[in-house]
Amino acid sequence: MSKRVEVRDTILSWLKSAFPDIAWSTMHKGAQRGSSITGSLVNDRISYTYDTKNSLVAKAEYYIILIDPNNMDTVDALADGVFELLDSDDLDGVAIESYVREVIYGAAPQKADAGAVMLRYEVFYYV
């Protein structure tokens, strides 16, 4: 298993444990939408830098997308919970460090009670 897959699977496992009522999925691009609360973990990009001559560090950028088609307030509270769960953590040693860099709120056109939130999450790990 690649380190990228290990990091993704660890994040997904944490999200599923902390928020078991949400139907979670992973994707390379885009989000899943259903008739109940859904959550998607999307790996957007990975960049690489050397922190020493022989030590390659990956920076993976993820988007965690929560959609509730029936309630805007639910995703607001869930975003706070995801932030607290994942910000500034090493994911049980899988990562060097990780940070929630931004939280973006939105709503669906023509459906004022539907809520969506997207968290931009950066994870640094050794390759």
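Scope of this entry: the structure provided in the associated data block.

Parameters and conventions
- Residues numbered from 1 in each chain as written.
- Predicted model: local features only at pLDDT ≥ 70, side-chain atom pairs only at ≥ 80, totals over all residues.
- Heavy atoms only, no water.
- Helix = DSSP H or I, 4+ residues; strand = E, 2+ residues; numbered from the N terminus.
- Expected span 1.5 Å × (residues − 1).
- Buried < 20%, exposed > 50% of the residue type's maximum accessible area, 1.4 Å probe, protein only.
- Arc of directions from axis to C-beta.
- Polar contact = N/O pair within 3.5 Å; in protein donor to acceptor, adjacent residues only side chain to side chain.
- Pairing = 2+ DSSP bridges.
- Patch = residues over 30% accessible without salt bridge, like charges linked within 9 Å, V, L, I, M, F, W, Y side chains within 5 Å.
- Areas by Shrake-Rupley, 256 points an atom, 1.4 Å probe, with all protein chains shown as cover.
- Salt bridge = Lys/Arg side-chain N within 4 Å of Asp/Glu carboxyl O.
- Lys, Arg positive; Asp, Glu negative; His and termini not counted.
- Charge placed at Lys NZ, Arg CZ, Asp CG, Glu CD.

Topic: helix α2 (residues 72–86)
Part 1 of the argument: Taking 1.5 Å as the rise per residue, α2 with 15 residues should run 21 Å; its terminal C-alpha atoms sit 22 Å apart, in good agreement.
Part 2 of the argument: Burial in α2 covers these residues: V75, L78, A79, V82 and L86. The buried residues of α2 all sit within an arc of 110° when viewed along its axis, so they share a single face. Exposed positions of α2 whose direction lies more than 90 degrees from the buried face are D73, A77 and E84.
Part 3 of the argument: You can read the cap of α2 off the contacts: a side-chain oxygen lies 2.8 Å from the backbone nitrogen of D73, and it is on N71.
Part 4 of the argument: At the C-terminal side of α2, S88 shows a positive phi close to 55°.

A closer look at the pairing of strand β2 (residues 38–52)
Part 1 of the argument: By the bridge criterion, 13 bridges tie β2 to strand β3 (residues 55–68) in an arrangement that is antiparallel. For G39, the partnering residue across the bridge sits in β3 and is L66.
Part 2 of the argument: Between β2 and β3, which follow one another and run antiparallel, lie 2 residues.

So, a nonpolar patch on the surface
Part 1 of the argument: A cluster of nonpolar side chains, F83, V103 and Y105, forms an exposed patch at the surface whose accessible area comes to about 240 Å².
Part 2 of the argument: If you trace the backbone, Y105 turns up in strand β4 (residues 97–108).

Notes on the pattern of salt bridges
Part 1 of the argument: Taken as a whole, this structure holds 9 salt bridges when the rule is applied.
Part 2 of the argument: Notably, a salt bridge pairs R45 with E61, separated by 3.9 Å at the nearest N-O pair. Of this pair, R45 sits in strand β2 while E61 sits in strand β3; the two residues are 16 residues apart in sequence, bridging distant segments of the chain.
Part 3 of the argument: Here R120 makes a salt bridge to E122, at a shortest N to O gap of 3.0 Å.

Overview of a negative patch on the surface
Part 1 of the argument: A grouping of D73, D76, D80 and E84 is seen on the molecular surface, where their side chains present a negatively charged patch.
Part 2 of the argument: Relative to the helices and strands, E84 resides in helix α2.
Part 3 of the argument: Taking relative accessible area as the criterion, E84 reaches 66% and is therefore assigned exposed.

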